Amino acid sequence: PSWGRGLLQVADTSAALGVCGVLLVADGPWRVRWAVAPVLGLVFVRVFLLQHDAGHHSLLPGRLANHLVGHAASVLSGIPFEPFRTEHAWHHKIQGRLDLRNFDHFDPVTDDEARRDPSARWRGHPLRVLAQNLGSLLVRRKLRGAYYMYRRGGERPPNHAAITASLWFNALSHVALRVAVFAAGGVAAWRALVAAHVTSLVVGTVLMWVQHNFETV
């Protein structure tokens, strides 16, 4: 990680957010807001990528700097940073392992299993992944019990307090964001913000599906 490269990425993404935010709440034709919504959705995807890199501690040098950016990005992405960071690190450890399935909806399927049970192919179908991700990100990932660290049973993870605080911070800040947009731009701006978030979820899911199905090791 590099301070120069990392801060440049944070700065240009923040600039894009600022321009979209001004257009979203400014007085003007409703068509402007709806034109901004898909663009803002793509910027939200970029915000989540920064959050992802911060979770890997690869965006900026130092744990604290990465965590500050990660928590700030979570306000816009709607995905709590600490539980995401913890679960995602585990995901990288178990991805592709046949002996550690039934925790992750990207569980691998062997060729033999797919031939014996054609329905197994449906597990990785993009429409199924999209439906799972929408339900997960909009509802389940707001709840502590949705994360593997709590679904697997046993003792609480060592960062349990940080996970709980992150969930509360994300929930309250995300609500505050929506209230602020409504107060500044009215119903039209609020609807455009929701459309932007839906756009980011759909685009992000498609990109994630492509990566997990076509990346080479």
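For clarity, every value in this text was computed on a predicted model and none was experimentally measured.

Caption draft 1: Broad picture of the overall build of the protein. Helix and strand counts for the protein come out as 8 helices and 0 strands. Counted from the first residue to the last, the protein has its helices and strands arranged as α-α-α-α-α-α-α-α. Taking all 217 residues of the protein together, 37% fall into the buried category. Here the analysis covers contacts within the protein between residues at least 6 apart in sequence; of these, 63% occur between residues at least 24 apart. As displayed, the protein offers around 12200 Å² of accessible surface, 66% of which is attributable to carbon and sulfur atoms.

Caption draft 2: Representation of the nonpolar core in the model. In terms of nonpolar packing, the biggest core is built from 17 residues, with Leu 17, Leu 24, Leu 40, Phe 44, Leu 76, Val 181 and Leu 193 touching the most fellow members. Those elements that provide at least two residues to this core are helix 1 (3-25), helix 2 (30-55), helix 3 (63-77) and helix 8 (160-214). Apart from residues no more than four positions distant in its own chain, Leu 193 is found in contact with Leu 24, Leu 40, Phe 44, Leu 177, Arg 178 and Val 181. Core analysis: the second largest hydrophobic core is formed by 7 residues, Leu 50, Leu 60, Ala 65 and Val 69 among them.

Caption draft 3: Inspection of helix 1 at higher detail. The terminal C-alpha atoms of helix 1 lie 32 Å apart, and with 23 residues this matches the ideal 33 Å at 1.5 Å per residue to within 8%. If you check the start of helix 1, you find a side-chain oxygen 3.3 Å away from the backbone N of Gly 4, and it comes from Ser 2.

Caption draft 4: Structural detail: the packing of helix 1 against helix 2. Two elements in contact, helix 1 and helix 2, have axes separated by 9 Å at closest approach and are oriented at 155°. Classified by the angle between their axes, helix 1 and helix 2 sit roughly antiparallel to one another. When you trace helix 1 past helix 2, the crossing you get is left-handed. Facing helix 1, whose interface residues are Gln 9, Val 10, Thr 13, Ala 16, Leu 17, Cys 20, Leu 23, Leu 24 and Val 25, helix 2 presents Val 32, Arg 33, Val 36, Val 39, Leu 40, Val 43, Phe 44, Arg 46, Val 47 and Leu 50. Of the residues belonging to the contact of helix 1 with helix 2, the class tally is 15 nonpolar, 2 polar and 2 charged.

Caption draft 5: Inspection of unusual backbone geometry at higher detail. Of note in the backbone geometry, His 57 takes a positive phi value of approximately 60° without being a glycine. Secondary-structure assignment places His 57 in the loop between helix 2 and helix 3.

Caption draft 6: Structural view of the environment of Gly 185. With respect to the secondary-structure elements, Gly 185 resides in helix 8. Looking at Gly 185, the relative accessible area reads 15%, which means it is buried. Once residues within four sequence positions are removed from consideration, Gly 185 is found in contact with Val 25 and Arg 33.

Caption draft 7: The arrangement of the environment of Ala 176 in detail. Topologically, Ala 176 is positioned in helix 8. Ala 176 gets classed as partly exposed once you look at its relative accessible area, which sits at 43%. With 101 residues separating them along the chain, Ala 176 and Val 75 place their C-alpha atoms 9.2 Å apart.

Reading guide: rules and limits
- Residues numbered from 1 in each chain as written.
- Predicted model: local features only at pLDDT ≥ 70, side-chain atom pairs only at ≥ 80, totals over all residues.
- Heavy atoms only, no water.
- Helix = DSSP H or I, 4+ residues; strand = E, 2+ residues; numbered from the N terminus.
- Buried < 20%, exposed > 50% of the residue type's maximum accessible area, 1.4 Å probe, protein only.
- Contact = heavy atoms within 4.5 Å.
- Areas by Shrake-Rupley, 256 points an atom, 1.4 Å probe, with all protein chains shown as cover.
- Core = buried A, V, L, I, M, F, W, Y, C linked by side-chain atoms within 4.5 Å.
- Expected span 1.5 Å × (residues − 1).
- Polar contact = N/O pair within 3.5 Å; in protein donor to acceptor, adjacent residues only side chain to side chain.
- Axes fitted to C-alpha atoms, helices over the stretch in contact; angles between N-to-C directions.
- Parallel < 35°, antiparallel > 145°, perpendicular 65-115°, else oblique.
- Left-handed = near helix turned anticlockwise from the far one by under 90°.
- Nonpolar A, V, L, I, M, F, W, Y, C, P; charged D, E, K, R; others polar.

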